[in-house]
Amino acid sequence: MENFNIKRFGNTFKWLFCENRGRLLAWTAGFALGVFAIQSLFLWMMVARINGLELNSEIVTGVCTPITKIGCYVALLLGFCQIFSTLRLKQKRIAYLTLPATNLERYLAAFIMATVVWTIFILLAAVLGDTLRMVFFGLLGKGWVSGIGAYFSSNHLDLIGSSKVMNYAYTISVWLWTCSFYVLGGTLFRKREFLFTTLIQIVLFTGFIWLCKQLGSNFFEDPDIIVKNVNAFSYVVVFGLFAFSLLNIWGSYQLFKRFQIITSKWTNV
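Note that the structure is a prediction, hence the values are computed from the model and not measured.

### A short note on the packing of aromatic side chains
For any pair of aromatic rings, the description consists of the separation of the ring centres together with the inter-plane angle of the planes.
Here's step 1: Within the structure shown, the criterion is met by 22 aromatic pairs.
Here's step 2: Aromatic side chains F4 and F9 sit 5.6 Å apart centroid to centroid with 40° between the ring planes, which places their arrangement in the tilted category.
Here's step 3: For F4, a relative accessible area of 40% gives the class partly exposed.
Here's step 4: What makes F9 buried here is its relative accessible area of 13%.
Here's step 5: With a centroid separation of 6.1 Å and an interplanar angle of 25°, the aromatic rings of Y107 and F111 are classed as stacked. Pair noted here: Y107 and F111 are both in helix α4 (residues 103-139), with a separation of four residues, about one helical turn. Of the two residues examined, Y107 and F111, each falls in the buried class.
Here's step 6: Members of the aromatic cluster, connected to one another through ring pairs, are F84, Y107, F111, Y253, F256 and F259.
Here's step 7: The side chain of R93 reaches across the aromatic face of F259, ending 4.9 Å from its centre.
Here's step 8: The residue whose ring lies beneath K191 is W266, and the NZ or CZ to ring-centre distance is 5.8 Å.

Here's what the structure looks like:
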């Protein structure tokens, strides 16, 4: 089994999805209820308890959008770190590592499960939670107002031309690097992977800020300068992030190929 086989990969992914189906549904239901509860609590505390006041899109967007986006962001990063969390148990590890598939097929199945499938379920949970909140306040006579559209809107609608293209490229590159970094952390660490990966990212970010200050760059003060003033530095940052993202994924795969049945307490290798 040296070559990649799409049918074999499909069977591997199907097996992994079935193994994680219950956990995915539980996380989705829990996150949806969490979004509903937090949105409802903040809205009620800030505005909805005022007699006679009906909610509008401005109120819902201002109150619900920030907390929902932060919740989705944290949940996604947590999910990326869980790429191999099901392999903590010895029996699960043996079953997965002995599947009739190549290392690449097994890794891709886990990678897609942790990034694509998890992202879809988290976004669906956010939509479901917001819908429950809308129905709840609608039944209370406070207005049937959804905030779903604001969750997926851009912060730079005023940009045009090359700045708009750079904004999309920069956003994708930053998100891809973040995703790949947490996948790498989830591959390396066997326990507390989210905590350790986040601490390492904080250290790297602090070092990056220090480096920017030493070089006299104001990037750390206004990161949007990359999209507002497109120049050679903008392209270097975007292509650099893409390159480091691929390096993280490659490193994650190399670590996965070294997985053993018996591992250390804190790492997978």
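### Focus: the environment of M134
Here's step 1: Within the secondary structure layout, M134 lies in helix α4.
Here's step 2: By relative accessible area, which is 19% here, M134 ends up buried.
Here's step 3: Sequence spacing of M134 and Q39 is 95 residues, and the spatial spacing of their C-alpha atoms is 9.7 Å.
Here's step 4: Dropping the residues within four chain positions of it, M134 is found in contact with G143, W144, V145 and S146.

### Considering the packing of helix α2 (residues 57-81) against α4
Here's step 1: Their axes nearest at 10 Å, the elements α2 and α4 cross at an angle of 155°. Considering the angle they form, α2 stands roughly antiparallel to α4. For α2 against α4, the interelement crossing comes out right-handed. Residues V60, C64, T68, C72, A75, L76, G79 and F80 of α2 form the contact with α4, whose own contacting residues are A114, T115, W118, T119, I122, A126 and R133.

### Thoughts on α4
Here's step 1: In this model α4 runs 52 Å from its N-terminal to its C-terminal C-alpha over 37 residues, within 8% of the 54 Å that 1.5 Å per residue would give.
Here's step 2: Remark: the principal bend of α4, roughly 35°, maps to M113.
Here's step 3: Just past α4, the residue G141 takes up positive phi, approximately 85°.

### Side note on the nonpolar core
Here's step 1: Judged by nonpolar contacts, the single largest core of 43 residues is most densely connected at F31, I83, F84, Y96 and Y107.
Here's step 2: Put simply, the parts of the chain that give this core at least two residues each are α1 (6-48), α2, α3 (90-97), α4, α6 (161-188) and α9 (232-257).
Here's step 3: Considering every element that reaches this core, the biggest residue donor is α4, with twelve residues.
Here's step 4: Leaving out residues up to four positions away in the same chain, Y107 has contacts with I83, F84, Y96, V183, I249, S252, Y253 and F256.
Here's step 5: In terms of nonpolar packing, the next biggest core, distinct from the first, is built from ten residues, V60, C64, V145 and Y151 among them.

Conventions we followed
Residues numbered from 1 in each chain as written. Predicted model: local features only at pLDDT ≥ 70, side-chain atom pairs only at ≥ 80, totals over all residues. Heavy atoms only, no water. Phe/Tyr/Trp six-rings, centres within 6.5 Å; stacked < 30°, edge-to-face > 60°. Buried < 20%, exposed > 50% of the residue type's maximum accessible area, 1.4 Å probe, protein only. Helix = DSSP H or I, 4+ residues; strand = E, 2+ residues; numbered from the N terminus. Lys NZ or Arg CZ within 6 Å of the ring centre and 35° of its normal. Contact = heavy atoms within 4.5 Å. Axes fitted to C-alpha atoms, helices over the stretch in contact; angles between N-to-C directions. Parallel < 35°, antiparallel > 145°, perpendicular 65-115°, else oblique. Left-handed = near helix turned anticlockwise from the far one by under 90°. Expected span 1.5 Å × (residues − 1). Bend = angle between axes of the 7 residues up to and from the residue. Core = buried A, V, L, I, M, F, W, Y, C linked by side-chain atoms within 4.5 Å.

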